[in-house]
Amino acid sequence: LGIVEQEPFLFSSTIRENISYGVEGEVGTEAMEAAAKTAAIHDTIAALPQGYDTLVGEKGVTLSGGEKQRLAIARALLKDPRILILDDSTSSVDTETEAQIRQALERLMEGRTSFLIAHRIQSLIRADLILVFERGRIVERGSHRTLMQEGTIYRRIYELQTRLEAQIEEGIPSG
């Protein structure tokens, strides 16, 4: 089981130890760097004075929210789990980094059972089944295509997010 949470837990140890936590056997430098590159965090780590041997502090206080999430994604990549749970795992990264990570996660999800909990619809578009919750109840279910044709809440959220992203890219105020 691999889990990437919105607020991942990191230990007061090195980046290397945090990424390899829970992975059976010894993790080689090549495998660790490959996982970090796929999670779009390798360049950030490499720029640190001590690289992968940098201490992150209690709960990763020396890292941003997005950096913590990308370390957790690298950990999940190394673990290579049969079941993967992604709980808003890209909520603390910008849309460009999210797109890079989404590509990595799509490769990671192939051939395994994956659960995605997300607020950004772009993260869900390729899902086989999307469940839309309102007040703790499932109110819509289906693929992206089905929900865009038949759904109301999903379609409304998608259109709003798409419009906001376009405005941000163009630099137009949303008000």
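Residues numbered from 1 in each chain as written. Predicted model: local features only at pLDDT ≥ 70, side-chain atom pairs only at ≥ 80, totals over all residues. Heavy atoms only, no water.

### Things to note about the side chain of H144
Among the structural elements, H144 can be located in helix 6 (residues 144-150). Residue H144 is classed as buried on the basis of its relative accessible area, which comes to 16%. Look past the residues within four positions of H144 in its chain and what remains in contact with it is I121, I125, I130, Y154 and Y158. (Helix = DSSP H or I, 4+ residues; strand = E, 2+ residues; numbered from the N terminus. Buried < 20%, exposed > 50% of the residue type's maximum accessible area, 1.4 Å probe, protein only. Contact = heavy atoms within 4.5 Å.)

### Some details on the packing of helix 2 (residues 29-38) against helix 4 (residues 65-79)
To describe two helices that pack against each other, one gives the angle between their axes and the distance between the axes. For the pair helix 2 and helix 4, interaxial distance at closest approach is 8 Å and the crossing angle is 130 degrees. Comparing the axis directions of helix 2 and helix 4 gives the class oblique. The crossing of helix 2 and helix 4 is right-handed. Between helix 2, through A31, M32, A35, A36 and T38, and helix 4, the contact on the second element is made entirely by A74, L77 and L78. Its residues assigned to classes, the contact of helix 2 with helix 4 shows seven nonpolar, one polar and no charged. (Axes fitted to C-alpha atoms, helices over the stretch in contact; angles between N-to-C directions. Parallel < 35°, antiparallel > 145°, perpendicular 65-115°, else oblique. Left-handed = near helix turned anticlockwise from the far one by under 90°. Nonpolar A, V, L, I, M, F, W, Y, C, P; charged D, E, K, R; others polar.)

### Topic: the nonpolar core
Ranked by internal contacts, the top residues of the largest apolar core, which has 29 residues, are I15, I19, I45, Y52, L71, I73 and L105. Broken down by secondary-structure element, the contributors of at least two residues to this core are helix 1 (15-20), helix 2, helix 4, strand 2 (83-87) and helix 5 (95-109). For this core, the element with the highest residue contribution is helix 4, accounting for seven residues. For L71, the contacting residues outside a window of four places in its chain are L10, I15, I19, I41, I45 and L63. Of all hydrophobic cores here, the second largest spans seven residues; its members include I121, L124, V132 and L147. (Core = buried A, V, L, I, M, F, W, Y, C linked by side-chain atoms within 4.5 Å.)

### Some remarks on helix 7 (residues 153-170)
Over its 18 residues, helix 7 runs 26 Å from end to end, which matches the ideal 26 Å to within 8%, given 1.5 Å per residue. Within the span of helix 7, buried status applies to I153, Y154, Q161 and Q167. Each buried residue of helix 7 sits inside an arc of 165 degrees when the element is viewed along its axis, so together they form one side. For helix 7, the exposed residues set more than 90 degrees away from the buried face come down to R156, E169 and E170. Residues of helix 7 that are buried sit in contact with strand 4 (130-134), strand 5 (137-142) and helix 6. Looking one or two residues beyond helix 7, the residue adopting positive phi is G171, at roughly 75 degrees. (Expected span 1.5 Å × (residues − 1). Arc of directions from axis to C-beta.)

### Structural notes on a nonpolar patch on the surface
On the surface, a nonpolar cluster with roughly 380 Å² of combined accessible area is contributed by L1, I3, I83 and F115. Note that F115 resides in strand 3 (residues 113-117). (Patch = residues over 30% accessible without salt bridge, like charges linked within 9 Å, V, L, I, M, F, W, Y side chains within 5 Å. Areas by Shrake-Rupley, 256 points an atom, 1.4 Å probe, with all protein chains shown as cover. Salt bridge = Lys/Arg side-chain N within 4 Å of Asp/Glu carboxyl O.)

### A look at helix 2
Within helix 2 the residues assigned to the buried category are M32, A35 and A36. Along the axis of helix 2, the buried positions cluster into a sector of 100 degrees, meaning they face one direction only. Residues of helix 2 that are exposed and angled more than 90 degrees away from the buried face: E30 and K37. Elements that come into contact with the buried residues of helix 2 comprise helix 1, helix 3 (42-46) and helix 4. Phi for A40, located one or two positions after helix 2, is positive at around 60 degrees.

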